[in-house]
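Geometric and topological summary
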Amino acid sequence: EESGDDADADLTAAELDLDAATGIGAAGSLETEATTIAADTTDGNVDIDNANAADTTVSSITTGTGDILFSQTGGGDVTVEKAETTDGDIAIDATGADLTAVEVTAGGDGQNVTLTTTDSGDIYVGKIFAVGDTVAINSAGAMDKIDAFIGIQAGSLSLTAETELDINTDVDNITAEANSVTITDASGTTLNDIAAMQGNVSVQTIDGDITVDGTVK
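Rules of the game
Residues numbered from 1 in each chain as written. Predicted model: local features only at pLDDT ≥ 70, side-chain atom pairs only at ≥ 80, totals over all residues. Heavy atoms only, no water. Helix = DSSP H or I, 4+ residues; strand = E, 2+ residues; numbered from the N terminus. Rg over C-alpha atoms; globule rule 2.2 N^0.38 Å. Buried < 20%, exposed > 50% of the residue type's maximum accessible area, 1.4 Å probe, protein only. Contact = heavy atoms within 4.5 Å. Areas by Shrake-Rupley, 256 points an atom, 1.4 Å probe, with all protein chains shown as cover. Lys, Arg positive; Asp, Glu negative; His and termini not counted. Charge placed at Lys NZ, Arg CZ, Asp CG, Glu CD. Polar contact = N/O pair within 3.5 Å; in protein donor to acceptor, adjacent residues only side chain to side chain. Salt bridge = Lys/Arg side-chain N within 4 Å of Asp/Glu carboxyl O. Patch = residues over 30% accessible without salt bridge, like charges linked within 9 Å, V, L, I, M, F, W, Y side chains within 5 Å.

Of regular secondary structure, the protein chain possesses 0 helices and 20 strands. Radius of gyration (C-alpha) of the protein chain: 17 Å, near the 17 Å computed for a compact globule of 217 residues. Viewed in the frame of its principal axes, the protein chain has a C-alpha envelope of about 50 × 35 × 25 Å. In the protein chain, which comprises 217 residues, the proportion classed as buried is 44%. Sequence separation of 24 or more characterises 12% of the internal contacts of the protein chain that already satisfy a separation of 6 or more. Just so you have it, the protein chain exposes about 9,300 Å², and 44% of that area is on carbon and sulfur atoms. With 4 positive and 42 negative side-chain charges, the protein chain shows a separation of 12 Å between the mean positions of the two kinds.

Here's what the structure looks like:
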């Protein structure tokens, strides 16, 4: 757990492999400085603030019943290979760096996923699951898919990017704003407000209808 309310790292190592039964940083954010991180607990919240100037890989961050919060500062890009809850929200953010989310799954009813970069930094999206619930992705740079597979499965999807946005989805409804917006949905969706501030809007569906229930411009 957090050792005092300070800005210094509680754990410093090239590689951290943390395992617990009832949470990691559950009583206060665990401050780390590491390049490779695994943090897995049976249940309970996971809350990690990692400050690292080097690129960082989170190989696994998981819990059963509980929320996950991971923050990256220091300027190093962060790749999250696996983040998963059985019943809980997931929020991952990076300040001044790129964020790559390879596979993120928020299980349970009413449990959501939020991915954010602030100040600067692109977001690269792999498989993001919050089935029936909400995914919100906010990029201080661009937003792009990792590959051609369907990337985001959710009930509601909110996307914002400072520059271009190109994402594959399978969601019920979408709100999006960027300089240019390109979305491919797997099975039909409803467009709420879609705004391309400088470029074009391109939305297509592989199978199913597109319903417009808002402003598309």
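Resuming the write-up.
Relative to the helices and strands, Asp193 is located in strand 18 (residues 189-196). Separated by 24 residues in sequence, Asp193 and Lys217 place their C-alpha atoms 8.4 Å apart. Leave out the neighbours within four places in its chain, and Asp193 touches Ile174, Thr175, Ala176, Gly214 and Thr215. A polar contact of 3.0 Å, which involves the side chain of Asp193, links it to the backbone nitrogen of Thr215.

Pairing of side chains with opposite charge becomes possible as their charged atoms draw close. Across all of its chains, the model carries 1 salt bridge by this definition. Lys145 is the partner of Asp166 in a salt bridge, and the nearest nitrogen-oxygen pair spans 2.8 Å. With a gap of 21 residues between them, Asp166 in strand 16 (residues 164-178) and Lys145 in strand 14 (residues 143-145) connect regions that are remote in the sequence.

A cluster of nonpolar side chains, Ile210, Val212 and Val216, forms an exposed patch at the surface whose accessible area comes to about 220 Å². Checked against the element boundaries, Val212 lands in strand 20 (residues 210-212).

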